[in-house]
Each structure stands twice: as structure tokens, then as C-alpha cells.
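Structural characterization, general
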Amino acid sequence: MVAAIFISVASRRTWMERAGIGLTGTDVTGGLITVTTLMLVITAALILVVKTAGRRVTGILQALVGAGIVGVVLTHRTASDHQWAMKGVDAGAAQMTVTAWPWMCLVAGALAVLTGLGLVVFADRWPSRSARHTGADSRSIWDALDRGEDPTVTKSPSQAGRLTPAEPESSDTAQSDFDQAVHKVGNSSNNGRQARVESQSG
């Protein structure tokens, strides 16, 4: 993206000058430099939406576009008489002067080639998007709710799959209450039978 911005700026600057009149990069290349710059911007935007394989393809395209920019600069190191005539400059005018802007544009094109090749090599090391992590976290939360777990409570590995101390205590208490109730019912039955025996003997 930096290379694309730099090339866009350089293409609007004076590349050649003769008799006090200059030709911009767009004038010299006939708009080719503008088209290649637009293609470079598109490849930079594609990087944000594609995955590993797509990044490699995008990197190859970016390297090819960068090579195209270098080729455009090298094949337009001079302007034709027709291009000068359109600016009102006679072909027999003073010698043409070339500025540093076309060479700056060439360096930016070479940078685009290098970054494209780097993208091909390191595409699999590109960091994952945060949206993917968010989606994974959401799924894990719903899975925990389906299991009847509280996803806001963090359990240590030693505690996972083990009952908490409160659970056996509550079960022991319930068993104890049940035993006491059975014991009371048994005592009541015994007391009733003893009372009937005493009344009959009396």
C-alpha cells in the first residue's frame, strides 16, 4: 500500500522537462502507470479478506504488478515528439532533462515485487483474524451451557471432573435425615404395640 501511494504521487510529478515545459509520469506513459497503481491497490486490499492460499495468489499478482511498473518506467525513459508537440514544444527545442521521479517510481515498483514475494513465502505465518477467535469462544460458551456448566467459572485441571466438597456433604446430610425418620417411625410402632399389650394384660 505504501508503494502504491508513492507511485501514485510520483506519477503526477514532472518526469521530463524541455524548454521550461514538463511532462508528468501520466503524460509520458499514457496512463499505464495509473492503471498499474490501481491494480496494486486492489491486490493490497485482497490481502485483508483471503486465507493462506489466497494470500499466496495475491502475493504472486502483486509481484507481477510491481514488475509491470518497473517495466513501464524502463520503457518510457524518453518522450516522443508527438507528446512534446501536444504540450506545444518543438522537436528541435533544447535538450530534454529527466528528473528523479521516474527512478523513484521504479524503486517503489521493485518494493512491490519484494513485498509480493515475501507474502508468498510467509503467507502461512499471517496472524489469524480476531473474528475467528471470537467465533471459537462463542461456540465453546454455548457448548458449556449445553452441558449444564457455568462458562463464567474457571476450574483448575485438578478440579475438573471431580465433585466439590459441598456435594458429598449434602448427600450425607440427606441420608442421615432419612435414617432418623425411619428410626422415629420404628420407635413409634414399637411404642404402640407395647401400649396395646399392656392394656390387654391389665
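Residues numbered from 1 in each chain as written. Predicted model: local features only at pLDDT ≥ 70, side-chain atom pairs only at ≥ 80, totals over all residues. Heavy atoms only, no water.

So, the pairing of strand E2 (residues 21–24)
Test applied: If DSSP finds at least two bridges between two strands, the strands pair. Here a strand is any run of E in DSSP of at least two residues, a helix any run of H or I of at least four, and the numbering for each starts at the N terminus.
Across 4 bridges, strand E1 (residues 14–18) lies against E2 in antiparallel orientation. In the strand pairing of E2, Met16 is matched with Leu23. In sequence, E1 turns back onto E2 through a hairpin of 2 residues, with Ala19 there showing a positive phi of about 55 degrees.

So, the packing of aromatic side chains
Where we set the bar: Between 30 and 60 degrees the pair is tilted, below 30 it is stacked and above 60 it is edge-to-face, where a pair is any two Phe, Tyr or Trp rings, Trp via its six-membered ring, whose centres lie within 6.5 Å. Charges are assigned to positions over rings by a cutoff of 6 Å between ring centre and Lys NZ or Arg CZ, combined with an angular limit of 35 degrees from the ring normal.
Under the defined criterion, the tally for this structure stands at 0 aromatic pairs. In this arrangement the basic side chain of Arg13 is found over the ring face of Trp101, its NZ or CZ atom lying 5.7 Å from the centre.

Examining the environment of Thr115
Here is the rule: N or O atoms within 3.5 Å of each other form a polar contact, as long as, within protein, one can give a hydrogen and the other can take it, and as long as residues adjacent in sequence are counted only when both atoms are side-chain atoms.
The residue Thr115 is located in helix H6 (residues 101–121) in this model. As for Thr115 and Ala63, which are separated by 52 residues in sequence, their C-alpha atoms are 7.3 Å apart. Within the local environment of Thr115, its side chain forms a polar contact with the backbone oxygen of Ala112, the two atoms lying 3.0 Å apart.

Re H6
In plain terms, the rule: To estimate how far a helix should extend, the number of its residues minus one is multiplied by 1.5 Å. Type-normalised accessible area, obtained with a 1.4 Å probe on protein chains alone, sets the label of each residue: buried when under 20%, exposed when over 50%, and partly exposed for intermediate values. It is the directions from the helix axis to the C-beta atoms that the arc portrays. In what follows, a contact means two residues having at least one pair of non-hydrogen atoms within 4.5 Å.
For H6, which comprises 21 residues, the first-to-last C-alpha distance of 31 Å matches the rise-based estimate of 30 Å (1.5 Å per residue) to within 8%. Within the sequence span of H6, burial applies to Pro102, Cys105, Leu106, Ala108, Gly109, Ala112, Val113, Gly116 and Leu119. Here the buried residues of H6 occupy an arc of 160 degrees about the axis, which is enough to place them on one side. Set apart from the buried face of H6 by more than 90 degrees, the exposed residues are Val107, Leu114 and Val121. In the core, the buried residues of H6 are packed alongside helix H1 (2–11), E1, helix H3 (32–46), helix H4 (52–74) and strand E3 (97–98).

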